[in-house]
Amino acid sequence: MKDLVSKINAEFETFKTESESLIEKGVKAAGPRARKATLEIEKLLKEFRKVSIEAAKK
């Protein structure tokens, strides 16, 4: 589970960096990269939910 949390944090940092580039610097190419990061975060969060529910059952 630690590995999964590390991946979530890494993707969130990517999103944070890219969204700041888009908003503050106006880098249009950062938009698609930020959106891609949100999709990956969504997938990882669903996996975290699944793993945490299984861990709670034990």
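Now for a look at the structure at hand. Computed from a prediction, not measured in an experiment: that's the story for all the values here.

Turning our eyes to something else, we now look at the packing of aromatic side chains. Per the stated rule, a full pass over the model turns up one aromatic pair. Taking 6.2 Å as the distance between ring centres and 45 degrees as the angle between the ring planes, the aromatic pair formed by phenylalanine 12 and phenylalanine 15 counts as tilted. In this pair, phenylalanine 12 and phenylalanine 15 both sit in helix α1 (residues 2-25), three residues apart, roughly one turn of the helix.

For the rest of this paragraph, the subject is the pattern of salt bridges. Counting across every chain of the model gives five salt bridges. Here glutamate 42 ties to lysine 46 by a salt bridge, and the two come within 3.8 Å at their closest N and O atoms. One end of the pair is glutamate 42 and the other is lysine 46, both in helix α2 (residues 30-57) and four residues apart, which spans about a single turn. Look at glutamate 42 and you get partly exposed, because its relative accessible area is 41%. Among the residues examined, lysine 46 registers a relative accessible area of 57% and is labelled exposed.

Parameters and conventions
- Along each chain, numbering runs from 1 in the same order as the chain's sequence is written.
- Local features in this predicted model are restricted to residues whose pLDDT is 70 or higher, and side-chain atom pairs enter the listing and the counts only when it is 80 or higher, whereas totals over whole chains, interfaces and linings include all residues.
- Heavy atoms throughout the structure, all of them, feed into the side-chain values; hydrogens and water do not.
- Only the six-membered ring of Trp is used, alongside the rings of Phe and Tyr, when aromatic pairs are assigned; centres must lie within 6.5 Å, and planes under 30 degrees apart are stacked while those over 60 apart are edge-to-face, with the rest tilted.
- Secondary structure elements follow DSSP: runs of H or I no shorter than four residues count as helices, runs of E no shorter than two count as strands, and numbering proceeds from the N terminus.
- The term salt bridge refers to a side-chain nitrogen of Lys or Arg lying within 4 Å of a carboxyl oxygen of Asp or Glu.
- For every residue, the accessible area obtained with a 1.4 Å probe (protein chains only) is divided by the maximum for its type, and the residue is called buried under 20%, exposed over 50%, and partly exposed between those limits.

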